[in-house]
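What follows is the residue order along each chain.
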Amino acid sequence: MNIVDMLLTHAPALTIAIPLLGAFLTPLISRVSEKGRNIFAIIIVGITALFVFLMASEILANGPMTYVFGSTAATVQQSTVIRILFEVDALSIFMAIIGIILSFVAVVYSYAFMEKNTGLDKYYTLLLLMTTGMLGMMLTGDMFNFFVFLEITSIASAALVAFWTNKAKAVEAGFKYIVISTIGALFVLFAIALLYGQYDALNMAKIAQSLGISGFTFIDKIALVLFIAALAMKGGLAPMHMWLPDAYGQAPASISLLLIGATQASLYGLFRIVFTVYGEVISLPAISIGWILVLLGLITMLIGVIMAIIQTDFKRLIGYGAVAELGYMALAVGTGLTIVANADPNITLQTAPFAMKAITGGLFHVINDALDIGLLFLVAGAVYYATKETSLNKLGGLARNMKYTTIFFIIGLLAVSGLPPFNGFASKLLIYESTYQLNPILSIVAILSSILLLAIFVKVLHSVFLGPALPKYETVREVPKSMLLAMAVIAGIIIVFGLFPQVIVTNLVEPAANALVNNSGYLQWLTGGF
Amino acid sequence: MIANIPYLTVAGLIIIGLYTLLFKKNLIKMVIGITILQSGVNLFLITLGYRMGSVAPIFTGNADNPVMSYPVPQALTLTSIVIGVAVLALMLSLVIHIYRHHGSLHVSKLGGDDQ
């Protein structure tokens, strides 16, 4: 067996193990050299990214990968072996790619952005732990393991939100975030216990199979409600979004970027539970679950944009923009579910064309939202770095001194409001088209939210970058090159995705959408000797 | 009836925890509420693994009482408790910082225009 094959076999485990090891080596390296530590963190995330892309090429060519921690035999003396399985399919790897891109950009950006701070060994340790937790949530095939990674992500990100402890608001946002996260995670654990008590299994595929055999009992319904409520809260859907603008707004900009990944990992968990774990019985509650997701999506979009209009803080405004964007994903995936449930019983999720289109659009929007909102957060961070100011009322005329940052902001604002030729347009068009088939009002609200987003961010562009030069910002200089590089990476991906959306959709998003709606691939290994 | 007492306790603990979180204005009390909620969930996990008249799942070679309770929920609970300690420590350290900034633990005293 050559070295590439061997690395590939162990890639799911190494993707988690490398950042985890890196997290705890960081304080040691910090003792030797501060600069070495920053570069070490970049290298660690870079190596992890290599493994993620290696896995991606393998999975898209040959189907899901499974990695077993513990016994390789499923049963010993007729009793089921307790072990943890990582099951990585096209959807998991799609999310992992988003996560690792965000993480990589965040460490590169931190290099200069956090330079003048103290306590950076802890910062990098927590950042790498957050990456570990996020990737773990996306790759694991075990319910309890999912809970553990959820908690790792929550603890690390709450500590990072409150990283600037000299700011009272940051500490309050961190406290709010950890309280919300813990309550959410505890209800997830309670729901896992309900399923475990019934089916004596923690493996997602095993539970899905048992659910298919037993039907849809009352306790399953309670567990499903708990999962949806808790993960939607962690995923920042309105009316449970209250923590999100605080946490995004008060965290350092690089952490806001990574928080998007953590939020989307929770949304991934929601979709995974609804489609895969409950996949065998989803046709029964599909109407109500679909409509619930659609309604949550609509409320989230409207509340997000309406609240964003009245904000006067740069980062908090983008936080509300992020809330609005999350609504699109819930709307699209909910539409997919609802279309199927309304239709003829012979039509399944795979054969209903608009259902597939809605889910493809929703998943494509996951990556586009991460990039667009992420870029805006990085620009806000760059403005803060240069001026030490986030209030929109006090900023102005920065385009004179920060021309590259201004260009990146314009790219981000056009992409986030869904204008061609940027990536937001591609996914939003798919969402408008497919939601129109369910109910025209849905697509009207979606388009209205996009227009409002455009209006809001044009206002921000005007009040921060345009207008007369203010005397106190005369000495402002462009931000360091590593921050520009981080923004340029995201802007580049945005433009490439916007110009060639079909390539991304066919090669990356559609396999993920298929993996989501068709859980037989995920359940396959149960009969495949594992 | 006697077998249901653990489940009733679980429900009671979770309701008390949620009540504390929703209606208490003191941050430390909110943290206590989360801990109570956590105890409820942990107790639920432990209860799931118990079988009537069973012993602890330690293999001693003594075949007198072969009925053992399930070990998996106990392992899960142990993990959950460890996570709980980490969360508790982090929350209390954040409360300390909040107290340093505001000199109060009452939620209405916390600053900020909350829109």
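To keep things clear, this report deals only with the structure shown in the data block. Here the residue index of a chain counts from 1 through its sequence in written order. Chains and ligands are labelled sequentially in the order written, the chains with letters from A and the ligands with numbers from 1. The predicted nature of this model means local features are confined to residues of pLDDT at least 70 and side-chain atom pairs, given and counted, to a pLDDT of 80 or more, with totals for whole chains, interfaces and linings taken over all residues. To get the side-chain values, take all heavy atoms of the structure and skip hydrogens and water.

The subject of this paragraph is the packing of helix α7 (residues 168-199) of chain A against helix α3 (residues 71-102) of chain B. Put simply, α7(A) and α3(B) touch, their axes get as near as 9 Å, and they point 165° apart. Judged by the angle between their axes, α7(A) and α3(B) are roughly antiparallel. The interaxial crossing formed by α7(A) with α3(B) has left-handed handedness. Where α7(A) abuts α3(B), its residues A:Ala168, A:Val171, A:Glu172, A:Gly174, A:Phe175, A:Ile178, A:Val179, A:Thr182, A:Leu189 and A:Tyr196 lie against B:Val72, B:Pro73, B:Ser80, B:Val87, B:Leu90, B:Met91, B:Leu94, B:Val95, B:His97, B:Ile98, B:His101 and B:His102. Considered class by class, the residues forming the contact of α7(A) with α3(B) number 15 nonpolar, six polar and one charged. Lines fitted to C-alpha atoms define the axes, with helix axes restricted to the stretch in contact, and inter-axis angles between N-to-C directions lie between 0 and 180 degrees. Secondary structure counts use DSSP, requiring at least four H or I residues in a row for a helix and at least two E residues in a row for a strand, with both numbered from the N terminus. We call two directions roughly parallel when the angle between them is under 35 degrees, roughly antiparallel when it is over 145, roughly perpendicular when it lies between 65 and 115, and oblique otherwise. Each crossing gets its handedness from the near helix: less than a right angle anticlockwise from the far helix is left-handed, clockwise is right-handed. Note on definitions: a residue-residue contact is assigned when non-hydrogen atoms from the two residues lie within 4.5 Å. The residue classification treats Ala, Val, Leu, Ile, Met, Phe, Trp, Tyr, Cys and Pro as nonpolar and Asp, Glu, Lys and Arg as charged. All others, Gly included, are polar.

Here the focus is the packing of aromatic side chains. Residue and element names in this part refer to chain A. Ring pairs shown here join Phe, Tyr and Trp side chains whose ring centres sit within 6.5 Å, with only the six-membered ring taken for Trp; geometry is labelled stacked below 30 degrees between planes, edge-to-face above 60, and tilted in between. Considering all chains together, one arrives at 19 aromatic pairs over all chains under this definition. The interplanar angle of 40° and the centroid separation of 5.6 Å between the aromatic rings of tryptophan 164 and tyrosine 384 together place this pair among those described as tilted. Placement of tryptophan 164 in the loop between α6 (143-161) and α7 and of tyrosine 384 in helix α14 (residues 353-387) is noted, with a sequence separation of 220 residues between them. Comparing tryptophan 164 with tyrosine 384, the two get one shared label, buried. Counting every residue linked through ring pairs, the aromatic cluster contains Tyr109, Phe113, Trp164, Tyr384 and Tyr385. For every residue, the accessible area (1.4 Å probe, protein chains only) is compared with the maximum for its type, and the residue is labelled buried under 20%, exposed over 50%, or partly exposed between those bounds.

This part takes up the side chain of A:Lys315. With respect to the helices and strands, the residue A:Lys315 is situated in helix α13 (residues 314-342). Excluding anything up to four places from it in sequence, A:Lys315 contacts A:Tyr248, A:Gly249, A:Ala251, A:Pro252, A:Ala253, A:Ser256, A:Phe377 and A:Ala380.

Glancing now at the interface of chain A and chain B. Each side of the interface is counted separately: chain A has 38 residues, and chain B has 35 residues. What gets called buried area is simply the loss in accessible area from a 1.4 Å probe that two parts show on being joined, summed for both. Both faces considered, chain A and chain B share a buried interface measuring about 3,100 Å² in area, 81% of it formed by carbon and sulfur atoms. Of all residues in chain A, A:Glu172, A:Phe175 and A:Leu186 bury the most surface against chain B, accounting for 19% of the area lost on that side. Here a polar contact is recorded for every N or O atom pair within 3.5 Å, except that within protein the pair must consist of a potential hydrogen donor and a potential acceptor, and residues adjacent in sequence are included only if both atoms are side-chain atoms. At the boundary of chain A and chain B, one finds two residue pairs in polar contact (both at pLDDT 80 or more). Put simply, the parts of the chain that give the side of chain A that touches chain B at least two residues each are α6, α7 and α13 of chain A. No other element matches the 19 residues that α7(A) contributes to the side of chain A that touches chain B. A class-by-class count of the residues in the side of chain A that touches chain B yields 25 nonpolar, six polar and seven charged.

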